[in-house]
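Topology and contacts: notes
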Amino acid sequence: MKQHLIVLDLDGTLLTDEKKISEKTKMTLFKAKEAGHQVMIATGRPFRASQLYYNELMLTTPIVNFNGALVHHPTNNAWKMIHSPIDISVVHDVVDSVDKYQYENLIAEVLDEVFIHNEDNRMMDIFKMGDPRVTIGNLRGSLNEDPTSLLIHAEEENVPGIRDHLESVHAELIEHRRWGAPFHIVEIVKKGLNKAVGISHVAKDLNIPRDRIIAFGDEDNDLEMLEYAGLGVAMSNGIDDLKNIANEITLSNNEDGIAKILIERLKL
């Protein structure tokens, strides 16, 4: 069988609800690699919060972080990193304009540095993963360089209003995607970026055509990725919008949905 590129979202897809990779899925991915296929991760997380799983799967491929704002190769320094931050003036405009909306917090990340608008112990465990340098304080004063991404944490009922505002006022300069539970977060990256853009760089480098890319996802930051892939697979726990554009729907992240598709399609 010709070489395929298997692209994995993390939360709600590769990871169970306990944030683990199940043994069956892990063994199936190892079999895929042994059969000559390539496996990579594409996630909204920064690298420091995805490195654990990259290492657990013993990957040797580039990784897409921050929904495409960072594409790099953790084990090959010769591979040219692609980092596409948001202009800080745009971030300041967004911060000012969302002040009239109800939100819980604002978080900016510059690669592995974290800037948190308001101290919030509920979220510190997530953003301290990988032991980054954390600065707490008004982003207007503390953030002085172009960030890789900006996160807006809000209660679930307030997220649609914030996204509508971002779309009507800032759509020419930014992309925004939604994270699901346990925290409802809108992630903002530079205009034109998404996971598919990052994957296209990697696929070109590996010389694997789109029709031999199998991508798995569950949230709206996976839409472009599933549309780009030759086989876009939505998890059964995924959002309806993703299921509507997917080529296939598999079992949930807690039921080895990734393994099921790979065993069938790649004859593992």
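Values in this document were obtained by computation on a predicted structure and should not be read as measured data.

Pairing is antiparallel across the open sheet formed by 3 strands, whose spatial order is β3-β4-β5. The sheet is open, and its two edges are formed by β3 (63-65) and β5 (82-83), each paired on a single side. Pairing of β3 with strand β4 (residues 70-72), which is carried by 3 bridges, proceeds in the antiparallel orientation. Directly across from Ile63, in β4, lies its bridge partner His72. In the packing of helix α8 (residues 195-206) onto the sheet, the strands contacted are β3, β4 and β5, and the crossing angle to β3 comes to about 160°.

A positive phi angle, near 50°, is found at Leu111, a position not held by glycine. Position of Leu111 relative to the elements: it lies in the loop between β6 (105-110) and β7 (113-116). Despite not being glycine, Lys267 has its phi angle at roughly 55°, a positive value. If you trace the backbone, Lys267 turns up in the segment after α11 (257-265).

Counting through the fold element by element, Thr16 comes out in the loop between α1 (10-14) and α2 (23-34). Given the relative accessible area of 11%, Thr16 is considered buried. When residues no more than four places from it in sequence are discounted, the contact partners of Thr16 are Ser22, Asn253 and Asn254.

This part takes up the pairing of strand β12 (residues 213-217). Taken across its 5 residues, β12 has 5 buried, putting it largely inside the fold. Residues Ile213, Ala215 and Gly217 line one face of β12 and the alternating positions Ile214 and Phe216 line the opposite face, and both faces are buried. Relative to β12, strand β1 (residues 5-8) runs parallel, the two being bridged by 4 bridges. In the sheet register, Leu5 faces β12, and the bridge partner there is Ile213. Sheet analysis places β12 next to strand β13 (residues 231-235), joined by 4 bridges and oriented parallel. Bridging from a neighbouring strand, Gly217 pairs with Ala234 of β13.

Applying the stated criterion to the full structure yields 15 salt bridges. The salt bridge partner of Lys26 is Glu56, with a shortest N-O separation of 2.8 Å. Here the residue Lys26 occupies a position in helix α2, and Glu56 occupies one in helix α3 (residues 51-56), the gap between them amounting to 30 residues. Here Glu56 falls in the partly exposed class, since its relative accessible area comes to 27%. One salt bridge in this structure joins Arg177 and Glu224, with 2.1 Å as the shortest N-O distance. Of this pair, Arg177 sits in strand β10 (residues 174-179) while Glu224 sits in helix α9 (residues 223-228), placing them 47 residues apart in sequence. We classify Glu224 as buried; its relative accessible area is 19%. Within the structure, one salt-bridge network assembled from shared partners comprises Asp9, Lys195 and Asp222.

Rules of the game
- Residues numbered from 1 in each chain as written.
- Predicted model: local features only at pLDDT ≥ 70, side-chain atom pairs only at ≥ 80, totals over all residues.
- Heavy atoms only, no water.
- Pairing = 2+ DSSP bridges.
- Helix = DSSP H or I, 4+ residues; strand = E, 2+ residues; numbered from the N terminus.
- Contact = heavy atoms within 4.5 Å.
- Axes fitted to C-alpha atoms, helices over the stretch in contact; angles between N-to-C directions.
- Buried < 20%, exposed > 50% of the residue type's maximum accessible area, 1.4 Å probe, protein only.
- Salt bridge = Lys/Arg side-chain N within 4 Å of Asp/Glu carboxyl O.

Keep in mind that these numbers describe shape and distance, not what the molecule does.
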